[in-house]
Amino acid sequence: MLSPVDIAKEIERTITRLEELTEEIRSAAIEAARAETEYRSAFSQSRLIARASAVGKITIDQVEDIATNQTNDLALRYRIAANSLQTLREVLRATQSQLDGLRTLSTSHRVAGS
């Protein structure tokens, strides 16, 4: 069982980690937004170019397939960035729960010591 001093140290460490995670989430959110914008822009451009350069009739599905093929790398980068952001948010929630548990443990030590 953790002593009150150990619990206090863990609380401090967890709060520091929460602050670090908050900064990581901010950076990841910016990266995800940039990746999404880059992907969507390239996808739209690819669709426009496919329509404009078509020699004959081209279907919407063909245009979408061409644009998807041409922007695969950007789509992957966007999905990875979005997943990284989601993962960081989940880690933040888990760390917040850990902090809540430590605070509860600290409170039970105070009550038991009274």
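In this text the structure is predicted, and so the values were computed from the model without any measurement.

Caption draft 1: View of the environment of S3. Along the polypeptide, S3 turns up in the segment before α1 (4–53). What makes S3 partly exposed here is its relative accessible area of 28%.

Caption draft 2: Structural detail: the pattern of salt bridges. Counting across every chain of the model gives 8 salt bridges. The partner of R77 in a salt bridge is E31, and the shortest N-O contact between them spans 2.8 Å. Here the residue R77 occupies a position in helix α3 (residues 72–113), and E31 occupies one in helix α1, the gap between them amounting to 46 residues. Relative accessible area serves as the criterion here: at 31%, E31 is assigned to the partly exposed category. Among the ionic pairs, R40 bridges to E36, the shortest N-O distance being 2.9 Å. Taken together, the residues R40 and E36, both in helix α1 and 4 residues apart, mark about one turn of the helix. For E36, a relative accessible area of 27% puts it in the partly exposed group. Residues joined by salt bridges that share partners form a network here, namely R17, E20 and E24.

What counts, and at which threshold
Sequence order as written defines the numbering, with residues in each chain counted from 1. Residues qualify for local features only when their pLDDT is at least 70, as the model is predicted, and side-chain atom pairs are given and counted only at 80 or more; totals for whole chains, interfaces and linings, by contrast, use all residues. In computing side-chain values, all of the structure's heavy atoms are included and hydrogens and water are not. Every helix listed is a DSSP run of H or I at least four residues long, and every strand listed is a run of E at least two residues long, numbered separately from the N terminus. Exposed residues in this analysis have more than 50% of their type's maximum accessible area, buried residues have under 20%, and partly exposed residues fall in between, with area computed by a 1.4 Å probe over protein chains only. Think of a salt bridge as a Lys or Arg side-chain nitrogen and an Asp or Glu carboxyl oxygen that are within 4 Å of each other.

All we've got here are geometric facts, nothing functional implied.
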